[in-house]
There are 2 protein chains.
Amino acid sequence: MNKKKPIIMTMDGTTAAAHVSYAFTDVAAIFPITPSSPMAESVDEWAAHGRKNLFGQTVQVTEMQSEAGAAGAVHGSLAAGALTTTYTASQGLLLMIPNMYKIAGELLPAVFHVTARTLAAHALCIFGDHSDVMAARQTGFAMLASSSVQESMDLAAVAHLASIKGRVPFMHIFDGFRTSHEIQKIEAWDYEDLRDMLDMDALREFRNRALNPEHPVIRGTAQNPDIFFQAKEAASSYYQKLPQIVVDYMKEVSERTGRTYKPFDYVGDPNAEHVIVAMGSVCETIEETMNNNLSGEKIGLLKVRLYRPFVSEYFLDVLPKSVKKITVLDRTKEPGALGDPLFMDVKAVLFDQKDAPSVYGGRYGLGSKDTTPGMIVSIFDNMKQDMPKDHFTIGIEDDVMHTSLVYDNKISSEPEGTIACKFWGLGSDGTVGANKTAIKIIGDHTDMYAQGYFAYDSKKSGGVTISHLRFGKHPIKSTYLINRANYVACHNQQYVHQYDMLKDLREGGKFLLNTFWTPEELERQLPASMKREIAEKHIEFYIIDGFKYAREIGLGSRINMLMQSAFFKLTEVIPLDDAVKYLKQGIDKTYGKKGQKILDMNYAAVDAGLAHIVKVDVPASWATAEDVQAPSRNVPAFIEEVLVPMNRQEGDNIPVSKFVGIEDGAFPSGTSQYEKRGVAISIPVWNKEKCIQCNQCSFVCPHASIRPILLDEAEVASAPDAFETIQASGKGFENLKYRMQV
Amino acid sequence: MNKKKPIIMTMDGTTAAAHVSYAFTDVAAIFPITPSSPMAESVDEWAAHGRKNLFGQTVQVTEMQSEAGAAGAVHGSLAAGALTTTYTASQGLLLMIPNMYKIAGELLPAVFHVTARTLAAHALCIFGDHSDVMAARQTGFAMLASSSVQESMDLAAVAHLASIKGRVPFMHIFDGFRTSHEIQKIEAWDYEDLRDMLDMDALREFRNRALNPEHPVIRGTAQNPDIFFQAKEAASSYYQKLPQIVVDYMKEVSERTGRTYKPFDYVGDPNAEHVIVAMGSVCETIEETMNNNLSGEKIGLLKVRLYRPFVSEYFLDVLPKSVKKITVLDRTKEPGALGDPLFMDVKAVLFDQKDAPSVYGGRYGLGSKDTTPGMIVSIFDNMKQDMPKDHFTIGIEDDVMHTSLVYDNKISSEPEGTIACKFWGLGSDGTVGANKTAIKIIGDHTDMYAQGYFAYDSKKSGGVTISHLRFGKHPIKSTYLINRANYVACHNQQYVHQYDMLKDLREGGKFLLNTFWTPEELERQLPASMKREIAEKHIEFYIIDGFKYAREIGLGSRINMLMQSAFFKLTEVIPLDDAVKYLKQGIDKTYGKKGQKILDMNYAAVDAGLAHIVKVDVPASWATAEDVQAPSRNVPAFIEEVLVPMNRQEGDNIPVSKFVGIEDGAFPSGTSQYEKRGVAISIPVWNKEKCIQCNQCSFVCPHASIRPILLDEAEVASAPDAFETIQASGKGFENLKYRMQV
């Protein structure tokens, strides 16, 4: 087959999977759960705009009352002969399990696209790992795992196609947030190609099997001990045939795209002695680390794609015969088991092999814990030991059970020429949106690859957001947070007191601070540690008073456009003239209908971003700046050792021992008293001239920090001068003064 | 410790587990599901009667809206410091999974008593296997499996005690129906002993950790990637310590009872070469078969009790070093996995062992498929082969994937002297209740062991019931249906045309048929195959017209008392005089408050059962009785090959191939037209003298088989003579005749 001219698009993993799923879907029964929601939202939006699936119809999207209802609706809709899809994760998937047994038992083709997320246990966590999908591995669903945004588009197609042909439902799995919300420049499927590959006979048979009064059958009967076992075994042949169907579709996808897929894909030295077996987005980092940090070593990576049915022969086919040691990485924890699921599977595969390699297990990435090149190096190093650590953890310091491997988090493995940029913003300040635009500009207008990942804390609006952007000439497989940035921008000057934003900025990198401090005021305002870091790492330090110019232009506090042009100027990712052109084209597209005034304001912001960057001359004295000892606060150990590091974005460094005594997830209450974030750009002041003493400001203050006060003469007399009051109004208040305490 | 005088009781597995659970329970949050319901019902009933738990309080029982709600209530109640218990199975357990993660994650002590049952997939099935508990094995719950009624009492105690001390919640598992509903004579725990063993300090700490406004903490927080992983690992120490806690309590239970329990128990030759690893009630049959059919062979059985945490060391400690081949039996099917769960665990344990034995996997007992001594022999035989079959099935004929082992179902392994009795009754005819009374009489008044198991079909009332009773001087470990009975009673004469009731009756056994046929009429009525079987096996054949004498006495159709005394007379399980005495004592106890008349009627029934048994002289001609060829019916293949055998209670023999084409569980509709059961003892007749033409009989007939008819003169004229009619009543009907067609 000839490879067609690819459709290049910049999108995240949810959009990629949703794009393919839409093609094969008659009915989508949904219930939103993080991080799967954007898939259902995209499908819903496309349906609202009348987009057509492969059969020329608009997808019917129905939101149910919970994931349990969604799964029930999927089951019913399939039984009625409609190709039905859903999107879920975590607890949502758990609620679907009962229906998953039914759907698989009745051999109904369906795909559940799952953005793998952890499960609430000692605490809730909305972030990614494989706990959810592993909790459903026994349902009879096939499981196909994608490790990147591109794969979540390609393998979504394999899942739908193979399910229709093989009559076994699929979970199509990709990592929550890391893949679901990572933005990448990828090749998108043309629906014509998807239609070409669809087995129309199988589809017709599926539709003919639908419950239909014209040729009725009974489904969902109750069976007794006499026949239940035999009837259950009768379905085995479908699971026996399914893997070959998957292989065939993978081959066809490979031919059409040039991207090779097999149930298990091996990369690395064909004569490798040490091999990692893994599934999901970590494969990208492992592969990148092997290529860029460990080249020449006798190592390899076996990527698990078709996890269920798990076919030993396919696994053994790609595993080099030379392998002596294997480390299996699991991204879930099953307390009380001999090992986590993938580890158990690999041991079972190799059990009967002569001279089988040794097998070690490691756990990583729970709750979206970042897995970095340094950790990968450490995992390969572990295999070099005579007695490698088994059942290890990686990515944490386990000073209780001593399971953790030591690693160097400074190792980076991005290919030469990658430009890595980090932006510290305040939730809902527009930074993330602006960065998504930047990626789109670079992705759409150049042949560069682009990647964006946005780390939020769970405070969302008002919390810190850290945008991680990479650009480069090579495909970007860095599925980990940026730890060696070329450029760091801080959009909120208060952060200089709270976060170590420069530790991930490389020697000689650029740092842009949005601040109303003048270069002279910086001397007084910046903490000594930041000064030293700027000096020691020879950082090019820039400031811009974004808020001032945004206000002047009339944009209020919306500094995003201005910061974006500053970013293009300082990073030179693309020629500046082009950047300005694309930015202004983007403005035309976004605000074209809002009138010339709005357009002009935004054009002006672009120009202001270029014009008002000030380069700071770093005084030699900064290299030896001395910390002012902060007055020591007498706070409980938990605050000092857990909460304060967490608030500093340094919670990753908290060792396991700090959770001893609260293993059940209990946290002390009343901790917000120690958490003064001080991130507000402006603070309210009582305007006594305008106050009508209605007290509504106090009534609506969620923190009860605005309080009206009535004072008698003696109290007024003893108050300090700055404590201003006005005459209280109201009957009986004639002798009292009033103040709104802010 | 001195073993106290045991409290001997006759009860089923649910009562045994409920008895212990009540002691340790403050709150029971329940939702009934077969086969777990009797546990919650017992606890509810005991609470209603004011029974006290170990803390002198009545258990608070709350029924929720579903199992999901019950699990949520358990979680909340535990968080409030109340020892909380629930009882469930199958889909019910699936609905509890989300909360199970929370309960385990928060290290809350709880016991879920689970009567393991299969899960609805291609079809619903209310019967037993391990699909449900295996679907929850990753939740962080400990899993402790009992294989008998006695164990479900003993290990229930271990589960509660270890959970309180170790802070890890437990699933206490025993096989649905086979153990849950089997009646056995066992030793019951005195609550004083349970209180002795309880760790009061641990209990106090649990209660102190309860959510309490006096010393508030936050639970159920949301954690981010920074600390989730570390906090999760912090709980590992509890799982590390738990197994020793279980071992200690098992030791203490062993000392107090004389019954030995370990996480893994090995029985058999200490130098065994072939070993079965299994969990649940099948262990009893395996042990019995090894003792009685395979003694002297180098074989053994490793019983899995503590399935989670699974501790390799304990497993290896009890496994003989001499073992060359292991067969792991799993009672669940996980399509697409390399093997079923226990098989995977055993491979993982042995992976790193030098000269590890070969490991083979087999699946058995899905949906309560009976697993018999013949099958156990076959499994051991398989290991004797040079190339044993792996991933086999046992108990079915798999002529599609050819996984099944061939077995001899005629092998029996009950110890010498066991009396096995089988009763064919009609659902709700009193047979099952009477048999339970018989077991109780024998259990309570003699030192004999007794076992009862009651096989219903899912028609329940109106369907066939088969009671399986065993009595003997030795403990009865036969956890399979009776296949070599000493005595068979048929309480419904219509069954002679439908069921082969004699195939399981041994040579020279006794057969009692309740019938209104005279000995002479038998010649005409009995099918030839039954005659031949009676003659060939030298069966002692008795009849009794139970309905006639019951009616004469005034008991209507209640023949159970009469059939029971007949049973005691014919089987001589205990001296007849004693039996009569106990039966009459039982009558006094049951009907004492209902007046002398009721007592006298039941006394009379006992006497009638003894007096009116007629021994049939079997004519020599029966040995060569010839079948009258039934007129061949032109029915669809599915009816002939699946439905007819099922209705004959021969569905176990239907091979897998008969389900090819309907692997998705689809059944043809309209099959009841082929299923004429003819089990009614009496049929209604239209009484034209009394008919007032109200037509209500027709209105309420659920089968629409009673229909009123109006006929004109021509129709009356052409009707046969027996087609009686009366004058139709009602305006305009003057020229019509009326008939109620029954």
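Treat the numbers as computed from the prediction; the structure is a model and nothing was measured. (Residues numbered from 1 in each chain as written. Chains lettered and ligands numbered in written order. Predicted model: local features only at pLDDT ≥ 70, side-chain atom pairs only at ≥ 80, totals over all residues. Heavy atoms only, no water.)

### Looking at the pattern of salt bridges
When charged atoms on two side chains of opposite charge get close, those side chains can pair. All names here are of chain B. Following the criterion strictly, the structure yields 82 salt bridges over all chains and no others. Note that K324 is salt-bridged to E273, the shortest N-O span being 3.6 Å. Taken together, the residues K324 in the loop between α12 (312–318) and β14 (325–330) and E273 in the loop between β10 (264–268) and β11 (274–278) connect sequence positions 51 residues apart. Owing to a relative accessible area of 48%, K324 belongs among the partly exposed residues under this scheme. Here D627 and R532 are joined by a salt bridge, their closest N and O atoms 3.4 Å apart. (Salt bridge = Lys/Arg side-chain N within 4 Å of Asp/Glu carboxyl O. Helix = DSSP H or I, 4+ residues; strand = E, 2+ residues; numbered from the N terminus. Buried < 20%, exposed > 50% of the residue type's maximum accessible area, 1.4 Å probe, protein only.)

### Section: the confidence of the model for chain A
A low pLDDT means the predicted coordinates there should not be read in detail. In the predicted model, chain A carries a mean pLDDT of 95, and 99% of its residues have values of at least 70. If you check the scores for this complex, the pTM reads 0.94 and the ipTM reads 0.94. (pLDDT = per-residue confidence, 0-100.)

### So, the relation of the copies chain A and chain B
When chain A is fitted onto chain B, the two copies agree to an RMSD of 0.2 Å after a turn of 180° and an axial shift of 0.1 Å. Look at the turn and shift together and you get a two-fold axis relating the two. For chain A, the minimum C-alpha distance to the rotation axis belongs to F351(A) and amounts to 2.9 Å. (Least-squares fit on C-alpha atoms with pLDDT ≥ 70 in both.)

### Focus: the sheet that holds strand β19 (residues 464–472) of chain A
Residues and elements named next belong to chain A. Read across the open sheet, the 9 strands follow the order β1-β8-β18-β19-β17-β20-β21-β22-β23; overall the sheet is mixed. Because the sheet does not close on itself, it has two edges, and the strands there are β1 (7–12) and β23 (614–615). Pairing between strand β22 (residues 540–544) and β23: 2 bridges, direction antiparallel. Counterpart to I543 in the pairing with β23 is V614. (Pairing = 2+ DSSP bridges.)

### Re the interface of chain A and chain B
Contacts between the two partners involve 97 residues from chain A and, on the opposite side, 98 residues from chain B. Together, the buried faces of chain A and chain B total about 9,200 Å²; carbon and sulfur atoms form 64% of this surface. Considering only the surface of chain A that becomes buried against chain B, H122(A), F229(A) and F351(A) emerge as the three largest contributors, covering 9% of it. For K333(A), the salt bridge goes to E233(B), with nearest N and O atoms at 3.1 Å. Taken together, the links from chain A to chain B amount to 38 residue pairs in polar contact (both at pLDDT 80 or more). Elements supplying a minimum of two residues to the side of chain A that touches chain B: α4 (90–105), β9 (217–218), α9 (228–234), α10 (236–257), α13 (341–350), β15 (358–364), β16 (392–394) and β24 (667–668) of chain A. Within the side of chain A that touches chain B, the residues separate by chemical class into 52 nonpolar, 23 polar and 22 charged. Bridging between β9(A) and strand β24 (residues 667–668) of chain B involves 2 bridges; their strand directions are antiparallel. By the bridge assignment for β24(B), I218(A) is matched with F667(B). (Contact = heavy atoms within 4.5 Å. Buried area = accessible area lost by both parts, 1.4 Å probe. Polar contact = N/O pair within 3.5 Å; in protein donor to acceptor, adjacent residues only side chain to side chain. Nonpolar A, V, L, I, M, F, W, Y, C, P; charged D, E, K, R; others polar.)

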